[in-house]
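Residue strings, one per chain:
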Amino acid sequence: MMNDIFSIYQQFRQNPLQMLSRRFNIPNNVDMNDPSSILQYLINTNQVSQQQINQVMSMRNNPMIQQLMRK
């Protein structure tokens, strides 16, 4: 499972728009260099909830996730 997560993370780092577009509808005019704009767009279009964003943000403190991000 960790290998799968690491693979997804690597793909995301290489091409974030491609990875996000698999799950979300993001138009080209959304600034991909600004994560806040992307998140706000996804919330405004009801593709994600604020609660989902909060859950993901809280995962940043998980030691396993932090270790994964260092690779």
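Just so it is clear, the structure is predicted and the values come from calculations on it, not from any experiment.

What counts, and at which threshold
Residues numbered from 1 in each chain as written. Predicted model: local features only at pLDDT ≥ 70, side-chain atom pairs only at ≥ 80, totals over all residues. Heavy atoms only, no water. Helix = DSSP H or I, 4+ residues; strand = E, 2+ residues; numbered from the N terminus. Buried < 20%, exposed > 50% of the residue type's maximum accessible area, 1.4 Å probe, protein only. Contact = heavy atoms within 4.5 Å. Areas by Shrake-Rupley, 256 points an atom, 1.4 Å probe, with all protein chains shown as cover.

Caption draft 1: The overall build of the protein, seen in detail. A count of helical and extended segments in the protein gives five helices and zero strands. The secondary structure elements of the protein, listed N-terminal to C-terminal, are α-α-α-α-α. Each principal axis of the C-alpha distribution contributes one length, and for the protein these read about 30 × 25 × 20 Å. Evaluated residue by residue, the protein yields a buried proportion of 17% over its 71 residues. Summarising the internal contacts of the protein: among those between residues at least 6 apart in sequence, 22% fall at separations of at least 24. As displayed, the protein has an accessible area near 5,700 Å², and 51% of this comes from carbon and sulfur atoms.

Caption draft 2: Representation of the environment of Asn28. Mapped onto the secondary structure, Asn28 falls in the loop between α2 (16-23) and α3 (35-44). What makes Asn28 exposed here is its relative accessible area of 73%. Put simply, Asn28 and Leu17 are 11 residues apart on the chain and 9.2 Å apart in space, counted from C-alpha to C-alpha.

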